[in-house]
Amino acid sequence: MSIVVKLDVMLSQRKARSKDLAAYVGITEANLSLLKQGKVKGVRFDTLLKICEFLDCQPGDLLVNVPDGGSLTR
């Protein structure tokens, strides 16, 4: 199983910019880009909370568990 990060989808749905989200959360745009690509090993809960506050969503809207070999259908 793997965790898929749907941050790009949520940003698009909310018509929000990565630059604005990074500034609100207090992380660099480069680190936000790594998170969006799923290239991070972990994320702090306080960072996840700030992202959810900015996007008015729940953590489950951003992170999806996908079986190995499976595809994201949501």
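What counts and what doesn't
- Sequence order as written defines residue numbering, which begins from 1 separately in each chain.
- Whole-chain, interface and lining totals are the exception, using all residues; otherwise, since this is a predicted model, local features are given only for residues with pLDDT of at least 70 and side-chain atom pairs are given and counted only at 80 or more.
- Note that water and hydrogens are dropped before the side-chain values are worked out from all heavy atoms of the structure.
- To define axes, lines are fitted to C-alpha atoms, for helices over the stretch in contact only, and angles between the resulting N-to-C directions are given on a 0 to 180 degree scale.
- Helix and strand assignments follow DSSP, with helices taken as H or I runs no shorter than four residues and strands as E runs no shorter than two, numbered in order from the N terminus.
- An angle counts as roughly parallel when it lies under 35 degrees, as roughly antiparallel when it exceeds 145, as roughly perpendicular when it falls between 65 and 115, and as oblique in every other case.
- In this scheme, a crossing is called left-handed if the near helix is turned counterclockwise away from the far one by less than a right angle; it is called right-handed if the turn is clockwise.
- Throughout, a contact is declared for two residues whenever any of their heavy atoms are within 4.5 Å.
- For this classification, the nonpolar set comprises Ala, Val, Leu, Ile, Met, Phe, Trp, Tyr, Cys and Pro, the charged set comprises Asp, Glu, Lys and Arg, and every other residue, Gly included, is treated as polar.
- A pair is scored as a salt bridge if a Lys or Arg side-chain nitrogen falls within 4 Å of a carboxyl oxygen belonging to Asp or Glu.
- Summary of the burial criterion: residues with accessible area below 20% of their type's maximum are buried, those above 50% are exposed, and those between are partly exposed, where the area comes from a 1.4 Å probe applied to protein chains only.
- Along the arc lie the directions from the helix axis toward the C-beta atoms.
- The pairing test for Phe, Tyr and Trp rings, Trp by its six-membered ring, is centres within 6.5 Å, and the orientation test on the planes gives stacked under 30 degrees, edge-to-face over 60, and tilted for anything in between.
- By definition, being over a ring means that NZ of Lys or CZ of Arg is both within 6 Å of the ring centre and within 35 degrees of the ring normal.

Student: Outline the packing of helix α2 (residues 18-25) against helix α4 (residues 45-55), supporting the account with residue identities and numerical values.
Tutor: At a minimum axis distance of 9 Å, the contact between α2 and α4 shows a crossing angle of 130°. Between α2 and α4, the interaxial angle falls into the category oblique. The way α2 lies across α4 gives a crossing that is right-handed. For the pair α2 and α4, contact is made by D20, L21, Y24 and V25 and by T47, K50, I51, E53 and F54, respectively. The class makeup of the residues in the contact of α2 with α4 is 5 nonpolar, 1 polar and 3 charged.

Student: Now, about the pattern of salt bridges: what can you tell me, with residues and values included?
Tutor: Inspection of the entire model under this criterion finds 2 salt bridges. Here K36 and D8 are joined by a salt bridge, their closest N and O atoms 3.4 Å apart. Of this pair, K36 sits in helix α3 (residues 29-36) while D8 sits in helix α1 (residues 7-13); the two residues are 28 residues apart in sequence, bridging distant segments of the chain. One salt bridge connects R17 with D20, and the closest N-O pair in it is separated by 3.5 Å. Its relative accessible area of 49% is what places R17 among the partly exposed residues.

Student: Quick one: what's the story with α2, residue by residue and with numbers?
Tutor: Along α2, the residues classified as buried are L21, A22 and V25. The buried residues of α2 occupy an angular sector of 100° when the element is viewed end-on, so they sit on one face. Considering only its buried residues, α2 is in contact with α1, α3 and α4. Of the residues flanking the end of α2, it is G26, one or two places downstream, whose phi is positive at about 90°.

Student: Talk me through the packing of aromatic side chains; I want residue IDs and the actual numbers.
Tutor: Counting across every chain of the model gives 1 aromatic pair. Ring geometry for Y24 and F54: centres 5.3 Å apart, planes at 45°, overall tilted. Taken together, the residues span a long stretch of sequence, with Y24 in helix α2 and F54 in helix α4 at a distance of 30 residues. A residue is classified by how much of its surface remains accessible, and Y24, at 36% relative accessible area, is partly exposed. Residue placement shows K50 over the ring face of Y24; its charged tip is 4.8 Å from the ring centre.

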